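The residues making up each chain are set out below.
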Protein chains: 2
Amino acid sequence: MAQTGSCDCCGSAATAGAVDSTADLSCYCPVDGVIDAISKKYSLQIVGLLGANGPMRYSELEEVLGATSTSLLSNRLEELAEEELIERRSFDEIPPRVEYSLTPRGRELEGRLQPLLEWAAEE
Amino acid sequence: MAQTGSCDCCGSAATAGAVDSTADLSCYCPVDGVIDAISKKYSLQIVGLLGANGPMRYSELEEVLGATSTSLLSNRLEELAEEELIERRSFDEIPPRVEYSLTPRGRELEGRLQPLLEWAAEE
DNA sequence: CAGCATCCGAACCGATACTG
DNA sequence: CAGTATCGGTTCGGATGCTG
């Protein structure tokens, strides 16, 4: 995953035209990086939590998510921030405080995610 | 992932009540297994392709997806079939023929997936 | 044609130890 | 409090090679 330029499903094979003209929707490969970002552990939960609760601190997320290792949470937050789905805001205080919140883009994602998650959860 | 009974985000931590009452949407952990299934490589594409093109043969999928190894494709198809998102139909012919198509459940998924994918793809 | 079995490397997860 | 650094275990992905 995490492709930057090449595309394994449209680059080589799509030109073969094996299927037909309705194949407009057949390529979901690049998808920017969002899909990559959200298909890792806790990403979905983070987006959902920030959407439901508003800004949250590092330790709050850590607690609610049920103690993942700190490094894992760090990585997820960093990745989501790189995709501009969440925003990191640090206050210059002692003790330090950092808050994470959804960006507008993140809120768009959350909106589109919700129907999917609700459907998957009810079942 | 692939949890069957235990839940790492609501089992232990949600009872801590660190956030507040709006945390209804905070638990996406179990989510049946659908999320697990679709967060693996090619699952999304398979569902999308079958939705757009109708039933497809093994070799068609293989070609359009751009030659993943056969075992990987096999695994994905099997997993999606176990989740009852796709249906496998084999014809008793020589040479053998197998077609895959979306189940009603798979079509529901595809519908909810589409807005998300379109949004992610346009960017 | 449609696949399963196997083996290897890469990515991901989790726990621990340590820093600003 | 909010992280970074490191390391071992597990899962995932890709390449062959071989069957019904």
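Residues numbered from 1 in each chain as written. Chains lettered and ligands numbered in written order. Predicted model: local features only at pLDDT ≥ 70, side-chain atom pairs only at ≥ 80, totals over all residues. Heavy atoms only, no water.

**Observations concerning the protein's contact with DNA strand C**
Okay, step 1: Around DNA strand C, the surrounding shell holds 21 residues, and the nearest of these are Arg76(A), Ser59(B), Thr70(B), Arg88(B) and Tyr100(B).
Okay, step 2: The share of sugar and phosphate among atoms of DNA strand C within 4 Å of the protein is 75%.
Okay, step 3: In this structure, Arg76(A) approaches DNA strand C through a side-chain N or O atom, which is 2.8 Å from a phosphate oxygen.
Okay, step 4: Take Val98(B): an N or O atom from its main chain is 3.5 Å from a phosphate oxygen of DNA strand C.
Okay, step 5: At the level of elements, helix 4 (70-82) of chain A together with helix 3 (58-64), helix 4 (70-82) and strand 3 (97-102) of chain B are the ones that each hand at least two residues to the surface near DNA strand C.
Okay, step 6: The leading source of residues in the surface near DNA strand C is helix 4 of chain B, at 4 residues.
Okay, step 7: The class makeup of the residues in the surface near DNA strand C is 8 nonpolar, 6 polar and 7 charged. (Near = heavy atom within 4 Å. Polar contact = N/O pair within 3.5 Å; in protein donor to acceptor, adjacent residues only side chain to side chain. Helix = DSSP H or I, 4+ residues; strand = E, 2+ residues; numbered from the N terminus. Nonpolar A, V, L, I, M, F, W, Y, C, P; charged D, E, K, R; others polar.)

**Concerning the environment of Ser101(B)**
Okay, step 1: On the secondary structure map, Ser101(B) appears in strand 3.
Okay, step 2: Expressed as a C-alpha distance, the spacing of Ser101(B) and Ile46(B), which sit 55 residues apart in the sequence, is 9.5 Å.

**Details of the pattern of salt bridges**
Okay, step 1: This structure, assessed with the given rule, holds 11 salt bridges over all chains.
Okay, step 2: The residue Glu79(A) makes a salt bridge to Arg76(A) at a minimum N-O spacing of 3.1 Å. With Glu79(A) and Arg76(A) both in helix 4, this residue pair falls 3 residues apart, about one helical turn.
Okay, step 3: For Glu93(B), the salt bridge identified is with Arg97(B), shortest N-O distance 3.2 Å. (Salt bridge = Lys/Arg side-chain N within 4 Å of Asp/Glu carboxyl O.)

**Quick notes on the sheet that holds strand 1 (residues 56-57) of chain A**
Residues and elements named next belong to chain A.
Okay, step 1: As summarised here, the arrangement of the 3 strands in space is 1-3-2, forming an open sheet in which the pairing is antiparallel. Two strands close off the open sheet at either side, each with one partner strand: strand 1 and strand 2 (86-91).
Okay, step 2: The pairing of strand 2 with strand 3 (residues 97-102) spans 6 bridges and is classified as antiparallel. Paired with Arg89 across the bridge in strand 3 is Glu99. (Pairing = 2+ DSSP bridges.)

**Some points on the packing of aromatic side chains**
We describe a pair of aromatic rings using the distance from one ring centre to the other and the angle between the two ring planes.
Okay, step 1: Applying the stated criterion across every chain yields a total of 0 aromatic pairs over all chains.
Okay, step 2: Lying over the aromatic face of Phe91(B), Arg97(B) brings its terminal NZ or CZ to 4.0 Å of the ring centre. (Phe/Tyr/Trp six-rings, centres within 6.5 Å; stacked < 30°, edge-to-face > 60°. Lys NZ or Arg CZ within 6 Å of the ring centre and 35° of its normal.)

**Quick notes on the packing of helix 5 (residues 104-122) of chain A against helix 5 (residues 104-122) of chain B**
Okay, step 1: Their axes nearest at 9 Å, the elements helix 5 of chain A and helix 5 of chain B cross at an angle of 180 degrees. When the axes of helix 5 of chain A and helix 5 of chain B are compared, the pair comes out roughly antiparallel. Of helix 5 of chain B, the residues touching helix 5 of chain A (which contributes Arg105(A), Glu108(A), Leu109(A), Arg112(A), Leu113(A), Pro115(A), Leu116(A) and Trp119(A)) are Arg105(B), Glu108(B), Leu109(B), Arg112(B), Leu113(B), Pro115(B), Leu116(B) and Trp119(B).
Okay, step 2: Partitioning the contact of helix 5 of chain A with helix 5 of chain B into residue classes produces 10 nonpolar, no polar and 6 charged. (Axes fitted to C-alpha atoms, helices over the stretch in contact; angles between N-to-C directions. Parallel < 35°, antiparallel > 145°, perpendicular 65-115°, else oblique. Contact = heavy atoms within 4.5 Å.)

**Overview of the nonpolar core**
Okay, step 1: The biggest cluster of nonpolar side chains holds 56 residues, and the ones touching the most others in it are Leu109(A) and Leu109(B).
Okay, step 2: Once residues lying within four places of it in the same chain are set aside, the contact partners of Leu109(A) are Val34(A), Ile38(A), Val47(A), Leu85(A), Leu116(B) and Trp119(B). (Core = buried A, V, L, I, M, F, W, Y, C linked by side-chain atoms within 4.5 Å. Buried < 20%, exposed > 50% of the residue type's maximum accessible area, 1.4 Å probe, protein only.)

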